Amino acid sequence: MVREVNENELTELLELYLHLHEESVPENTEHLRQTWNTIIRDENHHIIVKIVNGKIVSSCVCVIIPNLTRNVRPYAFIENVVTHAEYRGKGYATECLNYAKEIAEKADCYKMMLLTGSKDRKTLDFYEKAGYNSTDKTAFIQWL
């Protein structure tokens, strides 16, 4: 089953992020709880999860960004695409990305974007197969 995350699934989601690039689960601080509450209540912020045998095994984030150009149509930004290492290669992340696309289409987005730090050909091929390309835009990052 693919769906949006439930409010009570924060701990499980943070544990999945250990398979992304995190080295530890953040402390359960007031700042973490406030951030989670902001995300979970934001109608434009969607955390999509794939559930297998009652466990979150894959996820991505889809944020709908209101926009004043392109006939005042929003765009979607995809981030934190991750699958638990033991569940990779089964199409679960693709299911999450497809769900994100449905959200973006319902919101009348004119495009979806994602960035990856990976240079691994397999990862890049995965995103291309999912419908993304790396030829239309050039991304720049400034780390703060």
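Quick look at the structure, then.

## Thoughts on the pairing of strand 4 (residues 75-83)
- Looking at chain direction, strand 3 (residues 55-65) and strand 4 are connected through seven bridges and run antiparallel. Counterpart to Ile 65 in the pairing with strand 4 is Tyr 75.
- Pairing between strand 4 and strand 5 (residues 112-114): three bridges, direction parallel. Of the residues in strand 5, the one forming a bridge with Ile 78 is Leu 114.
- Between the parallel pair strand 4 and strand 5, the chain is carried across by helix 3 (residues 92-106), and the sense of this crossover is right-handed.

## Some words on unusual backbone geometry
- In the Ramachandran plot, Val 72 falls in the positive-phi region, its phi being about 60° despite a non-glycine side chain.
- Within the secondary structure layout, Val 72 lies in the loop between strand 3 and strand 4.
- Take Val 72: its relative accessible area is 56%, and that puts it in the exposed class.

## What about the side chain of Arg 3?
- Of note, Arg 3 is situated in strand 1 (residues 2-4).
- On the basis of relative accessibility, which here comes to 19%, the residue Arg 3 falls in the buried class.
- Within the local environment of Arg 3, its side chain forms a polar contact with the side chain of Glu 9, the two groups lying 2.7 Å apart.
- With near-sequence residues (within four places) excluded, Arg 3 lies in contact with Glu 9, Ile 47, Ile 48, Val 49, Ile 51 and Tyr 99.

## What to know about the pattern of salt bridges
- For the structure on display, the rule yields seven salt bridges.
- Two residues, Glu 9 and Arg 3, come together in a salt bridge whose shortest N-O distance is 2.7 Å. Arg 3 matches Glu 9 in its accessibility class, with the two residues each being buried.
- With a shortest N-O distance of 3.4 Å, Glu 7 and Arg 41 are connected by a salt bridge. With Glu 7 in the loop between strand 1 and helix 1 (10-16) and Arg 41 in helix 2 (residues 30-41), this pair connects stretches of sequence that are 34 residues apart.
- Looking at Glu 7, the relative accessible area reads 44%, which means it is partly exposed.
- On the accessibility criterion, Arg 41 (58% relative accessible area) is exposed.
- Because the salt bridges share partners, they merge into one network encompassing Arg 121, Asp 125 and Glu 128.

## Re the packing of aromatic side chains
- For the structure shown, the criterion picks out two aromatic pairs.
- When the ring of Phe 126 is compared with that of Tyr 127, the centres are 5.1 Å apart and the planes differ by 55°; the resulting orientation is tilted.
- Relative accessible area serves as the criterion here: at 24%, Phe 126 is assigned to the partly exposed category.

## Quick look at the layout of surface pockets
- The space that makes up the second largest pocket amounts to roughly 240 Å³.
- Lining the second largest pocket are 13 residues, and of these Leu 10, Leu 14, Leu 32, Thr 35 and Ile 39 sit closest to its centre.
- Counting only elements with at least two residues in the lining of the second largest pocket, the list comes to helix 1, helix 2 and strand 2 (45-52).
- The dominant element in the lining of the second largest pocket, judged by the number of residues it contributes, is helix 2, at five residues.
- Residue composition of the lining of the second largest pocket, grouped by class: nine nonpolar, four polar and no charged.

Conventions and cut-offs
- Residues numbered from 1 in each chain as written.
- Predicted model: local features only at pLDDT ≥ 70, side-chain atom pairs only at ≥ 80, totals over all residues.
- Heavy atoms only, no water.
- Pairing = 2+ DSSP bridges.
- Helix = DSSP H or I, 4+ residues; strand = E, 2+ residues; numbered from the N terminus.
- Right-handed = clockwise from strand over helix to strand, strands pointing away.
- Buried < 20%, exposed > 50% of the residue type's maximum accessible area, 1.4 Å probe, protein only.
- Polar contact = N/O pair within 3.5 Å; in protein donor to acceptor, adjacent residues only side chain to side chain.
- Contact = heavy atoms within 4.5 Å.
- Salt bridge = Lys/Arg side-chain N within 4 Å of Asp/Glu carboxyl O.
- Phe/Tyr/Trp six-rings, centres within 6.5 Å; stacked < 30°, edge-to-face > 60°.
- 1 Å grid on protein atoms, 1.4 Å probe; cavity = no way out; pocket = protein on both sides within 12 Å on 5 of 7 lines; lining within 4 Å.
- Points joined across faces, edges and corners; volume = space filled by probe spheres on them.
- Nonpolar A, V, L, I, M, F, W, Y, C, P; charged D, E, K, R; others polar.

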